[in-house]
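Coordinates in review
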Amino acid sequence: MTVARVIVDVPSRDTDRPFDYAIPERLKDWVEVGSRVAVPFGPRKLQGIVTALAEDADADVDLAKLKPLEDVLDALPPLSAELVELGEWMSRRWLCPLTVALQAMLPAALKGRSEKYVSPAAGVQWTDGEIADSGGLLLALGKGKPLKLDALLRQYPEQGPTLKRWIRQGRLEEKQQVEDKSAGKSVLTVFPGPPEKLLQAAENMPARASKQRELLRFLAVRGAEPVAVARLTEEAAVALSTVRALEEKGLVEIRPVTEDRDPYADRDFPASSPMTLTPKQAAALAPIQAAIDAREAGAFLLHGVTGSGKTEVYLQAIQRCLEQGREAIVLVPEISLTPQMVERFKSRFGSKVAVLHSRLSNGERYDEWRKIREGRAQVAVGARSAIFAPFASIGLIVIDEEHETSYKQEESPKYHARDVSIERARQHGAAVVLGSATPSLETYEAAKHARGGRRSGLGDIGYIAMPERVANRPLPGVSIVDMREELKMGNRAMFSRPLADAIRDRLEKQEQMVLLLNRRGYATFVMCRSCGYTAACPHCEISLTYHRGSANLRCHYCGYSEAEPKTCPSCESPHIRFFGTGTQKVEEALAAAFPGIRVIRMDVDTTTEKGSHERWLTEFRERRADVLLGTQMVAKGLDFPYVTLVGVLAADAALRLPDFRAAERTFQLLTQVAGRAGRHELPGEVIIQAYEPDHEAITSVQGHDYDGFVERALLLRNQLGYPPYGRLICVTFSHESVPMLLSVGERFASAARETASGMGVGRSFDGAGGDALEVLGPVSSPIARLKDRYRFQCMVKYRGEVDASQVVSRALAGMADAVKKGGVQVSVDVDPQMML
Ligand SMILES: Nc1ncnc2c1ncn2[C@@H]1O[C@H](COP(=O)(O)OP(=O)(O)OP(=O)(O)O)[C@@H](O)[C@H]1O
Ligand SMILES: [Zn+2]
Ligand SMILES: [Zn+2]
């Protein structure tokens, strides 16, 4: 090979094509597809990835004039040819520059340029022959000090293949110094004394020490949990000296705490062996195992109600895959990557498991990633990006809670891990299992209604149902409280009477509760407290969004707007207002209404600190609190035996978000949180508070009626041409000037329409099926201004076999110059999940 095609790491459309470089003699053995290289690029030196090798340069290029590659940055290429191909597929599918897709697959530690070192792995025996044949390489390495890779490359160019083979076999180790800001860092931490003691001390504090007294009260309420000094001074708004004063009085202790490098490193996981499956589980597992045995790509929807034992099915499917000598990837939503979840995999598969989640430091992530690439782990458990785990022979990909929105990345590359999993499975001949109690409408439709010929985007998916909980445990009873009635009866409190009674009852019985505050969508929409009315767009079936600045309500789909109402258009009540409350307020209300209640609040504010999420859950598991109160993050995957009550405040808060998926999301969230109750011996009860108790997304939760809800929702989606029947591409333009945006937006819309009609695609969405594409907008984006730039969007809506990505990229290509000259930024979201 003499030429390397390189994608340079500059994420722009101009550079989004391979550039050819000559491979100098000394690097011949080192360059592969997937290698990371340094190249000269004009006056600059850039990093890039080799995407192809060729014998010769392109016909119109003189080989002798090609610039040479400057360096290969790793001994083993960080990407495989298969991953490079996957990146190419992603860049077409989600219309992003190839380098953006490729970079998304690399651990952060590999993005910078840092020195690589090679050293012999511990305990490896070398034969005399190997030492002799290595031309001095092993002797050099044998001196014990890791050697720099680039030095080895220069000194022993002919040893390339041998060196690489030994690294692959794990006999040599390739490492790099990762600058790790968080690893091993020690943090000054406050350890408060027992709350009673703190309160006592607060009483006795002289009047002039009011700051100290306040801080004592603050700590007493906060609980015994240690807290970083920096965080405490900020939260309590006190000076460091105040904290120190308490330390001198012996009321708190301050000492440095070193953060773990591997959060699971010194934890013991008791070994677990496969459970005897219930007949339903066995029936679910059979087709999955058959697919794994057949080594043919195939996907399944495992639709199992909460507590039906899906995880055990995953575990035994993984076992089958490992027995075949193949590897498995398990994706779980970031938020449910709790010790509990990790433990279930580690205790079954031990050190074969690598865990990848966002709270790992760069160094930790890199370590886990190397375990996978070097074949020291066979199971990767992680959030979204674990789908790129560098395995060579994948047999199974599991996506738990497949409906979760976090599987879609919101920044570029805006990929969906579910789609990537299906493509990766195709490459490997692997089985995909999409598990959920509340599958997304897209997956459900693809599984249940897969008709020949029509593209769902997911292809054909097998359907497997587990409609009952294990051991015949009943699903919890669900009751719905009409909050309008509560208001009529004079109850203005946050808790309805039935919920308040139930909370009191659980406190008496010393059972536990989960309280969900559905906070998404607060303060964006207007609702009548008396009748539940919310303002919706007359054209789009989407609720209107309140804009404080202009005091009007607007539709983000079509641009319709109306003035902010002073009284309810439906019942004329003046109690019409924006909705808004936070978990903190609920916590206060709980403390006031139920003296002595022990509450753990889990929301973005209390879980930012590394490991805090885990700590709260452990505390709750050990029954050191009565209530786990939180936002979405308390709804998923948790399995606590003493939780017998689930309460939902403002169940319908997100129902009127300007998003056609609002009802689906609400139903999913409520069903998931309801599923936390009564999972073990004690029976569960669910109380849902709502202003719109008759909405299907809520009443269907009561009957645990997923199928009914979804069939009706699909009918509506079909009528409106929304996914999964139609599909969407959202093109957003941003610029300082609105007129500029309007003109660019108009130009795009007409170019896209023209391109589509040039391809013979009509605009009409009427009638059944058939190809159609229409462009809505330009309208102001839901986030109308960001960092002083205005944003406008065009929504491309299409169905059938239309290659809409082509339409969009051609339309954009045609106006690329104008866009660039004007300084307009364009971003494209294919299959957007968040309409906000
Ligand atoms: N075959 C079995 N025999 C006995 N207990 C089982 C069996 N399978 C699962 N369980 C237990 O049933 C409970 C529920 O199982 P699991 O958490 O896997 O359900 P799930 O379907 O993943 O639920 P969710 O979607 O709500 O997270 C767990 O406590 C699990 O240990
Ligand atoms: Zn509208
Ligand atoms: Zn009203």
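The structure displayed is predicted, hence computed values, not measured ones. (Residues numbered from 1 in each chain as written. Chains lettered and ligands numbered in written order. Predicted model: local features only at pLDDT ≥ 70, side-chain atom pairs only at ≥ 80, totals over all residues. Heavy atoms only, no water.)

Notes on the overall build of the chain
- Within the chain, the secondary structure is distributed over 26 helices and 33 strands.
- For the chain, contacts bridging at least 24 residues in sequence account for 75% of all contacts bridging at least 6.
- Carbon and sulfur atoms provide 51% of the accessible area of the chain, an area that totals close to 35200 Å². (Helix = DSSP H or I, 4+ residues; strand = E, 2+ residues; numbered from the N terminus. Contact = heavy atoms within 4.5 Å. Areas by Shrake-Rupley, 256 points an atom, 1.4 Å probe, with all protein chains shown as cover.)

So, the sheet that holds strand S2 (residues 19-22)
- The five strands lie next to each other as S2-S1-S4-S3-S5, forming an open sheet whose pairing is antiparallel. Only two strands of the sheet have a single neighbouring strand rather than two, namely S2 and strand S5 (71-72).
- Pairing of strand S3 (residues 36-41) with strand S4 (residues 44-54), which is carried by six bridges, proceeds in the antiparallel orientation. Across the sheet, valine 39 pairs through a bridge with leucine 46, a residue of S4. (Pairing = 2+ DSSP bridges.)

A word on the nonpolar core
- Counting 111 residues, the largest nonpolar core has Phe748 and Leu773 as its most contacted members.
- With six residues, the single largest contributor to this core is helix H24 (residues 738-758).
- Filtering out sequence-adjacent residues up to four positions away, phenylalanine 748 remains in contact with Val731, Phe733, Val775, Cys794, Val796, Val808, Ala811, Leu812 and Met815.
- Of all hydrophobic cores here, the second largest spans 34 residues; its members include Ile292, Val313, Ala328 and Ile464. (Core = buried A, V, L, I, M, F, W, Y, C linked by side-chain atoms within 4.5 Å. Buried < 20%, exposed > 50% of the residue type's maximum accessible area, 1.4 Å probe, protein only.)

Side note on the side chain of glutamate 692
- Mapped onto the fold, glutamate 692 is located in the loop between strand S29 (685-690) and helix H22 (696-702).
- Leave out the neighbours within four places in its chain, and glutamate 692 touches Gly532, Asp652, Leu655, Arg656 and Ile698.

Points about the coordination of the zinc ion (ligand 3)
- Within the protein, the atoms that donate to the zinc ion (ligand 3) are Cys528 (SG), Cys531 (SG), Cys568 (SG) and Cys571 (SG), at distances of 2.2 to 2.4 Å.
- One can describe the donor arrangement at the zinc ion (ligand 3) as tetrahedral, given that its four donor atoms subtend angles of 106 to 113 degrees at the metal. (Donors = N, O, S within 2.8 Å, 3.2 Å for Na, K, Ca; no water. Tetrahedral: all angles 85-135°; square planar, octahedral: opposite > 155°, others 65-115°.)

Quick look at the environment of alanine 502
- With respect to the helices, strands and loops of the structure, alanine 502 is situated in helix H18 (residues 497-509).
- As for alanine 502 and valine 646, which are separated by 144 residues in sequence, their C-alpha atoms are 9.6 Å apart.

Some remarks on the sheet that holds strand S15 (residues 379-382)
- If you trace the seven strands from one edge of the open sheet to the other, you get S14-S15-S13-S16-S17-S12-S18, paired in parallel fashion. Bordering the open sheet on either side are strand S14 (353-356) and strand S18 (461-466), each of which pairs with just one other strand. Averaged over all adjacent pairs, the angle separating strand axes in this sheet is 15 degrees, with direction ignored.
- Sheet topology places strand S13 (residues 327-331) next to S15; four bridges connect them, and they run parallel. Bridge pairing in S15 links leucine 331 to glycine 382.
- Set on the sheet, helix H14 (residues 362-373) makes contact with S14 and S15; between it and S14 the angle comes to about 145 degrees. (Axes fitted to C-alpha atoms, helices over the stretch in contact; angles between N-to-C directions.)

A closer look at the UniProt feature "binding site: Zn(2+) 1" (unreviewed entry) in the chain
- If you check UniProt for "binding site: Zn(2+) 1" (unreviewed entry), the listed places come out as Cys528, Cys531, Cys568 and Cys571 in our numbering. Taken together, the annotated residues stretch across 44 residues yet fold into one region, lying no more than 8.6 Å apart by C-alpha.
- With respect to the helices and strands, the residue cysteine 531 is situated in the loop between strand S21 (526-528) and strand S22 (545-547).
- For cysteine 531, a relative accessible area of 21% gives the class partly exposed.
- Position of cysteine 568 relative to the elements: it lies in the loop between strand S24 (561-563) and strand S25 (576-578). (UniProt positions renumbered as here; feature names shortened; annotations may be inferred.)

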